[in-house]
Amino acid sequence: MSYFTRSREFFEVMTACEPISGSILATLTSGARQLTVGASREIKCVGVEFEGKSLDIVLSVDCTGSGEAGKHAHEVKLQEIAAMTIHNRLTRTLGIKHPILLAPMDVVSGGRLAAAVSNAGGLGLLGGGYGDRDWIERERARAGNARIGCGFITWSLAKRPELLDGVLAHRPAAVMLSFGDPRPFGPTIRAADVRLICQVQTVAQAREALEAGADVIVAQGTEAGGHGQTEPLITLLPRVVDLCPGTPVVAAGGIADGRGVAAAMMLGAQGVLMGTRFYASEEAEGHPDAKQRIVAGEGGDTVRSIVFDLSRRNRWPAPYTGRVLRNRHAERWLGREAELEARVEEVAHDYAEARERGDFDVAAVIVGEACALIHDILPAGEIVERVVAEAERLLPPQGDIVG
Ligand SMILES: Cc1cc2nc3c(=O)[nH]c(=O)nc-3n(C[C@H](O)[C@H](O)[C@H](O)COP(=O)(O)O)c2cc1C
């Protein structure tokens, strides 16, 4: 049995850590005092109160361990005892336990996924995308009572602004606007007393977000899946943080584990927004083959281009491009976009058919560079728990870097 802890001052000894009929039990001892904690899944983050302090304990079962048969079949590891989770201005602003946001991925971030992320302590955002009222209503209902928000593609919302009223009427936890000028919508969202999150790709856009009254700004680096621009997160993020000292900044693009979260926080972020990592989750609305391609994806397997948008007759305003996995269709048309446009009738027809039958040698899998870090399809709640636990283990004690 092995474990890491940042709370040795609370627990001198950990004993009797064993799985009992599928649940995990650990007894923690401090002097004469003992605390028993239980968890019902293989890997579990359990919140407990001890000595007036709130603690999060991550228990995990190593199924490859060489334990005895029967109820002691698995070796149990107490991976971490964290004295507290990451609490900062972002978690307070959004009213969430963990500083983890689900990207509002068009169609992929449905009600099940958004609810799973929110129920795990993060913030789930529905992928309102280009704005299909029926889809948004249906997925909001599927999220049940979970406290979720909704994202829109701003330039598309500008064509159908009434969609925003429909979402605000249900008092979402937040509305996220990306790709376009958020200023026309800021007053309406704030008047509804709903948090406004703006995703930006440049410092100039971050200024617009501040003018729109953003409560949270997401700095999206070029590594991100889906649409975006060219500046890498490692330079964009600290520049946006410097511009917005009074507003929590969230990092997006290329983050898939706790190391990415910790690195982003060292650059000044107060949390992260992840898309690609949550696409490879059980609850994501994605084709199983698309998810498998994310798992198989390696570094450098993605490309930012307009080929798939042209092929599906969905032209975006410049300078946006979309990051997707390289496939046969991308290889065929990259650098030949003018010819593709000239033959768009024929190409779009074949492309639509390929999407219909789930042929991802032609249809794009829209993901970012983070696919190189993803090796499994997990329940979304488990992704949140793992990422948070790893980040907390890596970060300096609370208060040292976050306000
Ligand atoms: C499949 C997919 C669809 C996306 N659709 C949207 C969208 O509709 N609106 C939006 O604001 N961002 C969208 N994004 C971008 C995300 O908001 C976010 O910036 C990105 O996922 C972060 O990078 P990561 O994928 O490396 O985590 C999408 C991303 C992916 C992967």
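Residues numbered from 1 in each chain as written. Predicted model: local features only at pLDDT ≥ 70, side-chain atom pairs only at ≥ 80, totals over all residues.

Q: Account for the sheet that holds strand β10 (residues 149-153), with residues named and values stated.
A: Where strands meet in a sheet, backbone hydrogen bonds hold them as pairs that are either parallel or antiparallel. Pairing in this open sheet of eight strands is parallel, and the strands run β8-β16-β15-β13-β12-β11-β10-β9 from one edge to the other. Edge positions in the sheet fall to β8 (100-102) and β9 (125-127), since each has one partner strand and no second. Pairwise comparison of adjacent strand axes, ignoring direction, gives a mean angle of 25 degrees for this sheet. Looking at chain direction, strand β15 (residues 249-252) and strand β16 (residues 271-274) are connected through three bridges and run parallel. Each bridged residue has a counterpart across the sheet, and for V250 the counterpart in β16 is G271. (Pairing = 2+ DSSP bridges. Helix = DSSP H or I, 4+ residues; strand = E, 2+ residues; numbered from the N terminus. Axes fitted to C-alpha atoms, helices over the stretch in contact; angles between N-to-C directions.)

Q: An account of the pairing of strand β12 (residues 195-200) is requested, with residue identities and associated values reported.
A: The side chains of a regular strand alternate between both faces of the sheet. With five of six residues buried, β12 lies mostly within the body of the structure. One ladder, built from five bridges, connects strand β11 (residues 174-178) with β12; its direction is parallel. Of the residues in β12, the one forming a bridge with L177 is C198. Following the backbone out of β11, through helix α6 (residues 186-191) and into the adjacent parallel β12, one traces a crossover that is right-handed. Two elements, β12 and strand β13 (residues 216-220), share four bridges in a ladder whose sense is parallel. Opposite Q199, over in β13, you have V218 as the bridge partner. (Buried ≥ 20, exposed ≤ 12 C-beta atoms within 10 Å, placed from the backbone. Right-handed = clockwise from strand over helix to strand, strands pointing away.)

Q: Requested: an account of the packing of helix α7 (residues 203-212) against helix α8 (residues 233-243), with residues and values cited.
A: Where α7 contacts α8, the axes come no closer than 10 Å and their chain directions differ by 35 degrees. Our pair here, α7 against α8, has a crossing hand that is right-handed. Across the interface between the two elements, V203, A206 and R207 of α7 pack against R239, V240 and L243 of α8. Of the residues contributing to the contact of α7 with α8, the split by class is four nonpolar, no polar and two charged. (Left-handed = near helix turned anticlockwise from the far one by under 90°. Contact = placed C-beta atoms within 7 Å. Nonpolar A, V, L, I, M, F, W, Y, C, P; charged D, E, K, R; others polar.)

Q: Lay out the packing of helix α9 (residues 258-266) against helix α16 (residues 380-394) in plain terms, naming residues and giving numbers.
A: The geometry of α9 relative to α16 is characterised by a closest axis approach of 7 Å and an angle of 50 degrees between their N-to-C directions. Between α9 and α16, the interaxial angle falls into the category oblique. Relative to α16, α9 is oriented so that their crossing is right-handed. Within the contact between the two elements, α9 uses G258, R259, V261 and A262 and α16 uses V387, V388, A389, E390, A391 and L394. (Parallel < 35°, antiparallel > 145°, perpendicular 65-115°, else oblique.)

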